[in-house]
Amino acid sequence: MVSVAQALPDTDDAPRTARGARIDAQHVSHGFVQKQGALQVLDDVSVQVEPGEFVALLGPSGCGKSTLLRLVAGLEAPVQGRITQDGSDIAQPDPSRIVVFQDPTLFPWRTVRDNVALGLQARKVPRDQHARIDEALKLVGLTEFAQSYPHQLSGGMAQRAALARALVNDPQLLILDEPLGKLDSLTRLSMQGEILKLWQRAGFSVLLVTHDVEEALFLANRVIVFSPRPARVVAEIPVDLPYPRHRADPQFVQLRQQALSHLGLPDSL
Ligand SMILES: Nc1ncnc2c1ncn2[C@@H]1O[C@H](COP(=O)(O)OP(=O)(O)OP(=O)(O)O)[C@@H](O)[C@H]1O
């Protein structure tokens, strides 16, 4: 397997903090009570993310991927099993774990800069530390749009603003729930490259949910494939390819076929 250290580029002289969280979900089962009755969503799921690792979750629609992300974020507690961050139980949301959703959910009446500042303001971080906002805006290439309003941004720019809002909190785990799902395919490809650079530069761990097999293989050190609901882990695919990856690389194509076959899909897709 390509280690995270090997994966990082030598060309970037920006300091790397390497403070990625270790996440350990052990034998997690979860479900909901709906009008129709009990709905089991996760069935004995064990997933680990090593410090600085990029892990992608793939699985059929509705199988329970976002539910697992919500549990890791601390938004809900699992019915059974245990989820820890660096050995401590995850009991509630924490700024060290930041979720970026499909919808950037920026406040329309606040400028990009003020949207990015939200987390720091909520945590009453002193103003003299707000230089981080400008750093985060620079990292996502939005410096020139700091004073713009969300309606003045393209979809990709809005999602970059949402990423900056996450980065300003200096997360140890970035939880990405289909963050590029609503973008057109060209913007999506370029944002994949940007996410890769941000991860390589910052050293946080990433847990990504995506429906896109190629996106998972382009970005992740390891891809975990879930069964249809209730989700069980059906495969763990180490992606031992150096970055940047090439979709036409025969090994990439082979991994793609492997992932599709675990999903029960034909490899002609
Ligand atoms: N709060 C909730 N209350 C009741 N049912 C829920 C709740 N959250 C999720 N579910 C149900 O749990 C199942 C799994 O949902 P989840 O969003 O985790 O799936 P997913 O794999 O992320 O789906 P998709 O890929 O389509 O986004 C679905 O059937 C959904 O209706």
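Residues numbered from 1 in each chain as written. Predicted model: local features only at pLDDT ≥ 70, side-chain atom pairs only at ≥ 80, totals over all residues.

- As named in an unreviewed UniProt entry, the protein chain is ABC transporter ATP-binding protein, taken from Diaphorobacter ruginosibacter.
- Of the protein chain, the UniProt comment under Sequence similarities (unreviewed entry) reads exactly: "Belongs to the ABC transporter superfamily." (UniProt positions renumbered as here; feature names shortened; annotations may be inferred.)

## Thoughts on helix 3 (residues 112–122)
(1) Moving on: Restricting attention to buried positions, one finds in helix 3 the residues Val112, Arg113, Asn115, Val116, Ala117, Gly119 and Leu120.
(2) Moving on: Looking at the buried positions of helix 3, the neighbouring elements they touch are helix 4 (131–139) and helix 5 (155–167).
(3) Moving on: Where helix 3 ends, the next residue or the one after it, Lys124, has phi of about 55°, a positive value. (Buried ≥ 20, exposed ≤ 12 C-beta atoms within 10 Å, placed from the backbone. Helix = DSSP H or I, 4+ residues; strand = E, 2+ residues; numbered from the N terminus. Contact = placed C-beta atoms within 7 Å.)

## Overview of helix 8 (residues 250–262)
(1) Moving on: Here helix 8 is 13 residues long and its end C-alpha atoms lie 19 Å apart, about the 18 Å a rise of 1.5 Å per residue gives.
(2) Moving on: For helix 8, the set of buried residues is Leu255, Ala259 and His262. Projected onto a plane normal to the axis of helix 8, the buried residues spread over an arc of 60° and lie on a single side. For helix 8, exposure combined with an orientation more than 90 degrees from the buried face picks out Pro250 and Gln254.
(3) Moving on: The secondary structure elements touched by the buried residues of helix 8 are strand 3 (54–58), helix 7 (213–219), strand 9 (222–226) and strand 10 (233–238).
(4) Moving on: Gly264 sits one or two positions beyond helix 8 and adopts a positive phi of about 75°. (Expected span 1.5 Å × (residues − 1). Arc of directions from axis to C-beta.)

## Here we look at the site of the ligand
(1) Moving on: Neighbouring residues of the ligand: 13 residues in total, closest Phe32, Ser61, Lys65, Ser66 and Thr67.
(2) Moving on: At the level of elements, strand 1 (23–34), strand 2 (37–49) and helix 2 (65–73) are the ones that each hand at least two residues to the shell around the ligand.
(3) Moving on: For the shell around the ligand, the leading source of residues is helix 2, giving three residues.
(4) Moving on: The residue makeup of the shell around the ligand, split by class, is four nonpolar, seven polar and two charged. (Near = placed C-beta within 6 Å. Nonpolar A, V, L, I, M, F, W, Y, C, P; charged D, E, K, R; others polar.)

## Some remarks on the domain arrangement of the protein chain
(1) Moving on: Parsing the protein chain into structural domains produces domain 1 (15–96 + 171–269) and domain 2 (107–170).
(2) Moving on: Each of domain 1 and domain 2 was reduced to a C-alpha centroid, and the two centroids are 25 Å apart.
(3) Moving on: Across the boundary between the two partners, domain 1 contributes ten residues, which contact eleven residues of domain 2.
(4) Moving on: With three residues, helix 6 (residues 185–202) is the largest single contributor of residues to the side of domain 1 that touches domain 2. (Domains from an automatic or database assignment.)

## Focus: the UniProt feature "domain: ABC transporter" (unreviewed entry) in the protein chain
(1) Moving on: In this numbering, the UniProt entry assigns the feature "domain: ABC transporter" (unreviewed entry) to residues 23–253.
(2) Moving on: As annotated, residues 23–253 has a helix share of 31% and a strand share of 27%, and its two end C-alpha atoms lie 29 Å apart.

## A few points about the pairing of strand 3
Two faces make up the sheet, and in a regular strand the side chains alternate between them.
(1) Moving on: Of all five residues making up strand 3, five are buried, and the element is well covered by its neighbours.
(2) Moving on: Because side chains alternate across strand 3, one face comprises the buried residues Phe54, Ala56 and Leu58, and the other comprises Val55 and Leu57, equally buried.
(3) Moving on: As defined by bridge partners, strand 3 adjoins strand 9 across four bridges and the pair is classed as parallel. Residue pairing in the sheet places Ala56 in a bridge with Val223 of strand 9. (Pairing = 2+ DSSP bridges.)

## Here we look at the sheet that holds strand 3
(1) Moving on: Strand order across the open sheet formed by six strands is 6-7-8-3-9-10, with mixed pairing between neighbours. Only two strands of the sheet have a single neighbouring strand rather than two, namely strand 6 (97–100) and strand 10. Going from strand to strand, the sheet's axes swing by 15° on average, the running direction of each strand aside.
(2) Moving on: Note: strand 9 against strand 10, five bridges, orientation antiparallel. Bridge assignment links Phe226 to a residue of strand 10, and that residue is Val233. (Axes fitted to C-alpha atoms, helices over the stretch in contact; angles between N-to-C directions.)

## A few points about the nonpolar core
(1) Moving on: Residues Leu58, Val72, Ala164, Ile175, Leu207, Ala220 and Val223 are the most contacted members of the largest nonpolar core, which totals 74 residues.
(2) Moving on: Here this core takes seven residues from helix 5, the largest share from any one element.
(3) Moving on: Inspection of this core shows a minimum of three residues originating in each of domain 1 (15–96 + 171–269) and domain 2 (107–170).
(4) Moving on: If near-sequence neighbours (up to four positions away) are discounted, Leu58 is found in contact with Thr210, Val213, Ala216, Val223, Val225, Phe226, Ala259 and Leu263. (Core = buried A, V, L, I, M, F, W, Y, C linked by C-beta atoms within 7 Å.)

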